[in-house]
Amino acid sequence: MLSSSGFFSVHIMSGIKATKCKALLRVLIPWVLLTNVMVVLYCLRNPNQVKLSDSQEDTCPLGVAKLQNKSLIKQTHSEECSPKVNVMFMKTHKTASSTILNILFRFGEKHKLRFAFPDGRNDFFYPSPFLCSQVKDYKPGECFNIVCNHMRFDHQEVSKLLPPDSVYVTILRDPVDLFESSFHYYHKAVPLTWRIRGENKLAEFLNNPWAFYSPEAFNSFYLKNLLFFDFGLDNNLKADDPRVMTEIKNLSRRFHLVLVAEYFEESLILLKDLLCWTMEDILYFKLNARKSSSMSHLDAEMRAKALQWNGADWKLYQYFNGTFWARVEAYGRERMKQEVEELRRRNAEMKDICIEGGGAVEAQKIQNRRFLPWQPVGESSILGYNIKKDVDPRFRTVCEKMLTPEIQYLSELGVSLWLTRLWGWLKDAIY
């Protein structure tokens, strides 16, 4: 028979266990609901995933998507080239691609170019492979000037939308930094990672990744070789698999220019040169950046583990980092230095004109929701801007455009985002 003290001890322990179970349930139930909602939304907006035939009538012919606005031709100071308006930008994840997107949106809107946009959401049914049928109101043989929203790349399908003279561009980032950013932004959307305990979840994952990763698991692609996956490739290939280099070389034949996020300004100068655009066309404010307190600073050991885990992406990055610097050398180091300095000067001028306080602020301090960027699940770690209250009326429109995040800009360009907004409402309601 238990003594009274023993009875009370058992009773207290049972109460503690019950409390812990209730607390665990309060955490798990929203996650289970969230996962089911994500799966439903994923399927709900499934368009007719029909791969159209590859007949000549399905392809945009050369010359159809030519620029109608003749004023653009006059704006260039060079007699050696004309501004290029047919552009495919392969928007990769967590690579500063949102800032490039804003540049393309502004250029296309200014010159009345035709965008190929998704329907109901801000991506082309990612992570499904891209199909022309995912483009809003697409009809075989129709031509567009710019394709730039998130997709899982399929060159054969994309090429049906654009004239043969189109320029293909993308951007890469150091795979370790990309992995850290992707893990922070997406791991709560990957159910297998919910079992990770401790404060440093990233280190816990890297110490034993296969305990929290399965190639077939929901959203697992966010956590391994994400660049390879974005390009429509097998993100589970080992780095020493010969298919990795074969795929990289195939990509090098598809893309005219691969930008590097770590050298963003130099990348924009090369882009300007390739497209024969002006300095004004590539002015920017850094969009979708994270506050520093949310970043995990990996030591040498963890960086090595992250690099090994993302070995295919590392080979991809090394290859195109090499081609990038070959382009810089061909452009001229001194010339590049001068152009970068001019870009920085012009950007600084625009900051002084447009931005209240001169820099980015946390989400809670953004006064106008028009400038509030999309936030990851359960957090408000993405920075944004406040426009100056007394901004010069001559610059108000361009300031607003430069400060507008992707979702809001897409809405202003007439894209229906009902599914994206529904998901955002559910995400915020649960958390």
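Residues numbered from 1 in each chain as written. Predicted model: local features only at pLDDT ≥ 70, side-chain atom pairs only at ≥ 80, totals over all residues. Heavy atoms only, no water.

Under an unreviewed UniProt entry, the protein has the name Galactosylceramide sulfotransferase-like isoform X3 and belongs to Pundamilia nyererei. Turning to the protein, the UniProt record has this under Sequence similarities (unreviewed entry): "Belongs to the galactose-3-O-sulfotransferase family." (UniProt positions renumbered as here; feature names shortened; annotations may be inferred.)

This next bit is on the sheet that holds strand 2 (residues 115-116). Strand order in this open sheet of 5 strands is 2-3-1-4-5, and the pairing throughout is parallel. A strand with exactly one partner marks an edge of an open sheet, and here the two such strands are strand 2 and strand 5 (257-260). Relative to strand 5, strand 4 (residues 167-172) is paired through 4 bridges, and the arrangement is parallel. What sits directly across from T170, in strand 5, is V258. (Pairing = 2+ DSSP bridges. Helix = DSSP H or I, 4+ residues; strand = E, 2+ residues; numbered from the N terminus.)

Bringing the side chain of R290 into the picture now. Within the element layout of this structure, R290 appears in the loop between helix 9 (264-275) and helix 10 (300-309). Overall, the relative accessible area of 11% leaves R290 in the buried class. At 2.6 Å, the side chain of R290 and the side chain of E180 are in polar contact. For R290, the residues in contact, after removing those within four places along its chain, are E180, S181, H184, M295, S381, I382 and L383. (Buried < 20%, exposed > 50% of the residue type's maximum accessible area, 1.4 Å probe, protein only. Polar contact = N/O pair within 3.5 Å; in protein donor to acceptor, adjacent residues only side chain to side chain. Contact = heavy atoms within 4.5 Å.)

Taken as a whole, this structure holds 3 disulfides when the rule is applied. A disulfide bridge connects C60 with C143, and the sulfur atoms are separated by 1.9 Å. Linking C60 and C143, the disulfide has an S-S dihedral of approximately 115 degrees and is accordingly described as right-handed. One end of the pair, C60, is in the loop between helix 1 (4-44) and helix 2 (71-75); the other, C143, is in the loop between strand 2 and strand 3 (146-147), with 83 residues separating them in the sequence. Both residues of the pair, C60 and C143, count as buried. Counting its disulfide-bonded cysteines in sequence order, the protein shows a connectivity of 1-3, 2-4, 5-6. (Disulfide = S-S within 2.5 Å.)

Moving on, we get to the confidence of the model for the protein. Low pLDDT means the predicted coordinates in that region are not meant to be read closely. With 82% of its residues at a pLDDT of 70 or more, the protein shows a mean pLDDT of 87. Contacts of residues 20-29 to residues separated by more than four positions or lying in other chains number 1 contact, the stretch itself having pLDDT below 50. Segment residues 39-45 is flagged for pLDDT under 50; beyond a separation of four residues in sequence, or across chains, it makes 17 contacts in the model. (pLDDT = per-residue confidence, 0-100.)

Our next topic: a nonpolar patch on the surface. A cluster of nonpolar side chains, namely W418, L422 and W425, defines an oily patch on the protein surface of about 340 Å² accessible area. Within the secondary structure layout, W425 lies in helix 15 (residues 418-430). (Patch = residues over 30% accessible without salt bridge, like charges linked within 9 Å, V, L, I, M, F, W, Y side chains within 5 Å. Areas by Shrake-Rupley, 256 points an atom, 1.4 Å probe, with all protein chains shown as cover. Salt bridge = Lys/Arg side-chain N within 4 Å of Asp/Glu carboxyl O.)

What follows concerns the packing of helix 12 (residues 333-354) against helix 13 (residues 396-403). Contact geometry for helix 12 and helix 13: axes closest at 10 Å, N-to-C directions at 105 degrees. Comparing their axes, helix 13 and helix 12 come out roughly perpendicular. Residue-level inspection shows M350, I353 and C354 of helix 12 in contact with helix 13, the latter providing V398, C399, M402 and L403. Classifying every residue of the contact of helix 12 with helix 13 gives 7 nonpolar, no polar and no charged. (Axes fitted to C-alpha atoms, helices over the stretch in contact; angles between N-to-C directions. Parallel < 35°, antiparallel > 145°, perpendicular 65-115°, else oblique. Nonpolar A, V, L, I, M, F, W, Y, C, P; charged D, E, K, R; others polar.)

Turning to the nonpolar core, a few remarks are in order. Ranked by size, the top nonpolar core spans 115 residues in total, and within it M88, M151, L161, F179, F205, L268 and L316 carry the most contacts. Look past the residues within four positions of M151 in its chain and what remains in contact with it is M88, M90, F124, Y126, F130, V158 and D230. (Core = buried A, V, L, I, M, F, W, Y, C linked by side-chain atoms within 4.5 Å.)

All right, on to the packing of aromatic side chains then. Tallied over the entire structure, the rule returns 31 aromatic pairs. Where W314 meets Y317, the ring centres are 6.0 Å apart and the plane angle is 20 degrees; that geometry is what we call stacked. Of this pair, W314 and Y317 both sit in helix 11 (residues 311-331), 3 residues apart, roughly one helical turn. Residue W314 is classed as partly exposed on the basis of its relative accessible area of 26%. According to the relative accessible area criterion, Y317 is buried, its value standing at 7%. Put simply, the rings of F179, F183, F205, W210, F212, Y213 and W309 touch in pairs and so form one group of aromatic residues. Over the ring of F229 we find R152; its NZ or CZ atom is 3.7 Å from the centre of that ring. (Phe/Tyr/Trp six-rings, centres within 6.5 Å; stacked < 30°, edge-to-face > 60°. Lys NZ or Arg CZ within 6 Å of the ring centre and 35° of its normal.)

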